[in-house]
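Observations on the model geometry
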Amino acid sequence: MKRYRLFLIAAGGLLAVLIGFLVFNLRDNLVYYRVPSEIVNDPDAITAGRFRLGGQVVPGTIVPAGDEVRFEITDGTAVVLVAHTGVPQQLFREGIGVVVEGTWDGTTFTSDNMIIKHDEQYRTEDGGIYTPDDRYP
Amino acid sequence: MIASLGIASVALALASAIALAVTGFRAFIRGGEGTTSLRLPVWGLLAGAIVAMGALEIALLTDDFSLRYVAENHTRDTPLLFTIAAAWAALEGSIVLWGLVLAGYAFWVHRSVGEGDRIGVAALAVIGLVGIFFFGMMLTAANPFVTLAVVPADGSGANPLLQNHILMAIHPPMLYLGYVGMTVPFAFAIASLLGGDSTTVWLERTRRWTLTAWTFLTLGILLGAWWSYEVLGWGGYWAWDPVENASFLPWLTATAFVHSAVVQRRRGMLQAWNVALVIGTFALTILGTFLTRSGVVASVHSFTQSAVGPALLGFLLLVLVAGFGLFAFRGHLVASTPRLDSLASREGVFLLNNLLLALFAFVVLIGTIYPMILEAFTGDRVSVGAPWFDRAAVPISLVLLFALGFGPITPYRQARPGILWERLRGPLQATAVAAALVAVAGVRSITVLTTFALATLIISAIVRQAHFTARSRPTSYVRAVGGLYRSDPGYWGGMVAHVGVALVAIAIAFSGSFDSRDTVTLEVGESARLHGYTLTYSGPFFSEQDHRTLIGATIVLTRGESGLGTLQPALTQYPNQVQAVPTPAVHTGLREDVYLSLVRIEEGTARVTIDVFRFPLMWLLWLGGLVVVSGGALSFFGRRRLRSEATLEAVGV
């Protein structure tokens, strides 16, 4: 019985040390997720390094420029200009939810990685929001 | 009508689960007498679960959109296979499947429980308690038989990702057979704690269920990885995603248990450790269910909105507190007395294996739940990068592979260096030659070389062991090799699984280190040359099928003079959903896979952009995984035949 308690206490102590070590190590590998309204007035976000920024693509703001595409994203409160390097995925379009990863310099978010959020939007019965036929002649 | 039948059958199952828990514990208190009273609750549980699942399937097959579940996860156009699979494509239905599998296991356990079996009836009572939770949830938070006031003309259909590949129909049932199967060893462990039983009977008895659960869990994880490779189109099979980790965590501890159980049966050691491992494994399956089913992963904020999340979290806490509380107070009753003779022994290597697997599980656990804990306390939303997991997983896996190499040939009790050297000399020579050959072939990565060398060590040590064991038999060598498996199915089944693990390790090392990703943009008729391949874009294609439409690019793949065929990466559009899902196309080759994922087909132009991935030796990953699964199955099937033969021999037949 006593041996048992001793063993449990020792194992618990070892685990605590291990957790401390792992969590300490983890902090450098975390990717933070923010939304536009959290970063526009936060000077710390400029020096925060890489993080992910999520929001909806503002309609009418998509401007392709060479191997870059510029667009604005919003969380409904604030708007951030994104400069994304690379060809955006087929699913990328106005109004869609995206998560971009990169850095923020106070005016532009420079991204090199874009994830399209899978939406749960359904087409209504009397007419599609879009049909493949219209889109791909 | 169907809804009432469904609810009535769930209620029957719930009442039976309560009755099972009550009569089970009552029989336990009476020393295992009156086991016949358990028959009715077990039959009720099974009947209720089968009818509930049947009712859900009938509702899906008859397009009964008065059920909310059917309206949300099914359309009239959905093909038969995905209609059937829709029964576990969403939260409520998957809980029904869970309940059905649990009832099946309860029935199977009940068949082994005879009069006077205290541990058996207590185990059934524990299974009953688990059943109360899941069937209770089916009546409350996750009720699949909720009806709609206004019946829609057609449903909206399941998540397109779940309708895109046949694997999605098979993966969840396999995974559940594994996940839920862990309830049985858990129930027996709790029963032996309650009964203060320090014998290894519970282990002997649960061996078959543990192996069943482990084998299906392995298969489920393999199919899940395969699915994400074939369907998701991001070019990979494992991303340390919380959902993947949720299935990997109990696999790690269950694997540790499968090994330490051998030590307990052979040498009577590690009893308390085994009990703790089994409780931990079961808790991890509940944690996994919580992670994947509560919505905590996709968005932490949905967790307060769904009652399933808090219910599962509460159940997890209950399991942890009750399980480990019982263990803390009664663990000494089941503790084993024999001590380790020497660390340099088979037991010692098993101990190393267990510590490493437990450490691995712990690291993955921390990386998985840390973001959730951080968000709960600070509100910061973070994710842990895959490199962090890789950095921890690689060294632990390499040491595990090393232990895998010499563990199975190390004698029990005390391993003299002479014997080890004799058994390892040949394999080590083979290893050195193999590593040198791969290095000459141009592989310079230390990790890959080490992995390849260790995998060679594992396989050659097993082959050597089989060779010498067979040669020492009096019968002819060929017959002896054939008879090896039957002489000790547990051991040789395990060895088959080890060979599979070695193959998987080689595949992971090569595909992870020598993969490549290029993005190319092509006009119709244009070609691109990449890594010796030529990709020619012969044109877009559009294909309309009953329940979906595909838009994609036809790419002709050649290498040198030889044509490797046509690949059609596409986007699949389901009629009722706005967003299309990517459907990658893969050319599997002996040396490597060429994996094409459509990035963009531009409107009105003849231009297409595709991601071109190369993954070496992917076929070896799937093959190795299947070898691991068959190893588990071999260990399972062999045992009974051995027993009956041993009895026959004992009576002199």
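Given the structure is predicted, the values throughout are model-derived calculations rather than measurements.

**Re the overall build of chain B**
Along the backbone of chain B there are 19 helices and 11 strands. Relative to the compact-globule value of 26 Å for 653 residues, chain B shows a C-alpha radius of gyration of 27 Å, a close match. Here the C-alpha coordinates of chain B stretch approximately 80 × 70 × 60 Å along the principal axes. Buried positions account for 50% of the 653 residues belonging to chain B. Sequence separation of 24 or more characterises 74% of the internal contacts of chain B that already satisfy a separation of 6 or more.

**Structural notes on the overall build of chain A**
Helices and strands together make up the secondary structure of chain A, namely 4 helices and 7 strands. Taken from N to C terminus, the helices and strands of chain A fall in the order α-β-α-α-β-β-β-β-β-β-α. Within chain A, contacts between residues at least 6 apart in sequence are counted, and of these 44% link residues at least 24 apart.

**Comments concerning the pairing of strand 1 (residues 30-34) of chain A**
With 4 bridges joining them, strand 1 of chain A and strand 1 (residues 381-384) of chain B adopt antiparallel strand pairing. Each bridged residue has a counterpart across the sheet, and for V31(A) the counterpart in strand 1 of chain B is S383(B). Relative to strand 2 (residues 51-57) of chain A, strand 1 of chain A runs parallel, the two sharing 2 bridges. Bridge pairing in strand 2 of chain A links Y33(A) to R52(A).

**Digging into the domain arrangement of chain A**
Taken domain by domain, chain A comprises domain 1 (1-30) and domain 2 (31-118). Computed over C-alpha atoms only, the centres of domain 1 of chain A and domain 2 of chain A are separated by 39 Å.

**A short note on the domain arrangement of chain B**
When the domains of chain B are assigned, the result is domain 1 (1-163), domain 2 (167-369), domain 3 (393-514 + 620-650) and domain 4 (516-617). For domain 3 of chain B and domain 4 of chain B, the distance between their C-alpha centroids amounts to 39 Å.

**Some words on the environment of L359(B)**
Residue and element names in this part refer to chain B. Considering the arrangement of structural elements, one finds L359 in helix 13 (residues 346-378). C-beta crowding within 10 Å serves as the criterion here: with 16 such atoms nearby, L359 is assigned to the partly exposed category. Here the alpha-carbon distance between L359 and L252, two residues 107 residues apart in the chain, equals 9.5 Å.

**A few points about helix 6 (residues 118-139) of chain B**
The end-to-end C-alpha distance of helix 6 of chain B, which contains 22 residues, comes to 31 Å, matching closely the 32 Å that a straight helix rising 1.5 Å per residue would cover. Most of helix 6 of chain B is tucked away, with 19 of its 22 residues classed as buried.

**Here's the deal with the sheet that holds strand 9 (residues 585-588) of chain B**
The strands making up a sheet associate through hydrogen bonds between their backbones, and the pairing can be parallel or antiparallel. All names here are of chain B. Taken in spatial order, the 4 strands line up as 2-11-10-9 in an open sheet, and their pairing is antiparallel. The open sheet has two edge strands with one neighbour each: strand 2 (516-523) and strand 9. Within this sheet the neighbouring strands show an average axis-to-axis angle of 20°, counted without direction. By the bridge criterion, 9 bridges tie strand 10 (residues 592-601) to strand 11 (residues 607-616) in an arrangement that is antiparallel. Bridge assignment links S597 to a residue of strand 11, and that residue is D611.

**Things to note about the confidence of the model for chain B**
Residue and element names in this part refer to chain B. Summarising the model, chain B shows a mean pLDDT of 87, and 95% of its residues fall at 70 or more. Highest mean pLDDT in chain B belongs to helix 2 (residues 39-61) (96); lowest belongs to helix 19 (residues 618-650) (75). With pLDDT under 50 throughout, residues 299-305 is counted as low confidence; its partners more than four residues away or in other chains account for 7 contacts. Counting contacts from residues 640-653, a segment whose pLDDT is below 50, to residues more than four positions away or on other chains yields 4 contacts. Across the whole predicted complex the pTM is 0.89, and at the interface the ipTM reaches 0.72.

**So, the nonpolar core**
Ranked by size, the top nonpolar core spans 206 residues in total, and within it L102(B), A123(B), L124(B), V126(B), A191(B), I458(B) and I506(B) carry the most contacts. If you tally residues by element for this core, the top one is helix 9 (residues 201-232) of chain B, at 16 residues. Apart from residues lying up to four places away in sequence, A191(B) is in contact with I119(B), A122(B), A123(B), V126(B) and W202(B). Ranked by size, the runner-up nonpolar core spans 13 residues in total, among them I39(A), L53(A), V82(A) and F109(A).

**Observations regarding helix 8 (residues 183-195) of chain B**
Residue and element names in this part refer to chain B. Helix length check: helix 8 (13 residues) gives 18 Å between terminal C-alpha atoms against 18 Å at 1.5 Å per residue, within 8%. Helix 8 sits mainly inside the fold: 13 of its 13 residues count as buried. Positive phi shows up at G196, right after helix 8, with a value of about 60°.

**Section: the environment of E72(A)**
Residues and elements named next belong to chain A. Here E72 is to be found in strand 4 (residues 68-74). The partly exposed category is assigned to E72, around which 19 C-beta atoms lie within 10 Å. Spatially, the C-alpha atoms of E72 and F109 are 9.5 Å apart, while their sequence positions differ by 37 residues.

**Regarding the packing of helix 8 of chain B against helix 9 of chain B**
Residue and element names in this part refer to chain B. At a closest axis distance of 9 Å, the pairing of helix 8 and helix 9 adopts a crossing angle of 165°. Accordingly, the angle class assigned to the pair helix 8 and helix 9 is roughly antiparallel. Viewed along their axes, helix 8 and helix 9 form a crossing whose handedness is right-handed. Residues V184, P185, F188, A189, A191 and S192 of helix 8 pack against W202, R205, T206, W209 and T210 of helix 9. Of the residues belonging to the contact of helix 8 with helix 9, the class tally is 7 nonpolar, 3 polar and 1 charged.

**Concerning the packing of helix 5 (residues 91-111) of chain B against helix 6 of chain B**
Axis angle and axis distance: for two packed helices, these are the angle between their axes and the distance between the axes, and together they describe the pair. Residue and element names in this part refer to chain B. Closest axis-to-axis distance for the helix 5/helix 6 pair is 10 Å, and the angle between their directions is 160°. With respect to their mutual orientation, helix 5 and helix 6 come out roughly antiparallel. For helix 5 against helix 6, the interelement crossing comes out left-handed. For the pair formed by helix 5 and helix 6, the contact residues are I95, V96, W98, G99, L102, A106, V109 and H110 on the first element and A123, L124, I127, V130, G131, F134, F135, M137 and M138 on the second.

**Brief notes about unusual backbone geometry**
Residues and elements named next belong to chain B. In this structure, W240 is a non-glycine residue whose phi angle is positive, near 55°. Residue H531 is not a glycine yet carries a positive backbone phi of 50°. The residue H531 is located in the loop between strand 3 (527-530) and strand 4 (533-544) in this model. Given 11 C-beta atoms within 10 Å, H531 falls into the exposed group.

**Considering the environment of G560(B)**
Note on placement: G560(B) falls in the loop between strand 5 (549-559) and strand 6 (562-567). Each C-alpha atom, one on G560(B) and one on T75(B), is 46 Å from the other, the two residues being 485 residues apart in sequence.

**Overview of the pairing of strand 10 of chain B**
Residue and element names in this part refer to chain B. The buried count for strand 10 comes to 9 of 10 residues, which makes it a mostly enclosed element. Summarising the sheet, strand 9 and strand 10 pair through 4 bridges and their orientation is antiparallel. Bridged to V586 within strand 10 is Y595. Counting the residues in the hairpin turn of strand 9 and strand 10 gives 3 residues.

Procedures and definitions
Residues numbered from 1 in each chain as written. Chains lettered and ligands numbered in written order. Predicted model: local features only at pLDDT ≥ 70, side-chain atom pairs only at ≥ 80, totals over all residues. Helix = DSSP H or I, 4+ residues; strand = E, 2+ residues; numbered from the N terminus. Rg over C-alpha atoms; globule rule 2.2 N^0.38 Å. Buried ≥ 20, exposed ≤ 12 C-beta atoms within 10 Å, placed from the backbone. Contact = placed C-beta atoms within 7 Å. Pairing = 2+ DSSP bridges. Domains from an automatic or database assignment. Expected span 1.5 Å × (residues − 1). Axes fitted to C-alpha atoms, helices over the stretch in contact; angles between N-to-C directions. pLDDT = per-residue confidence, 0-100. Core = buried A, V, L, I, M, F, W, Y, C linked by C-beta atoms within 7 Å. Parallel < 35°, antiparallel > 145°, perpendicular 65-115°, else oblique. Left-handed = near helix turned anticlockwise from the far one by under 90°. Nonpolar A, V, L, I, M, F, W, Y, C, P; charged D, E, K, R; others polar.

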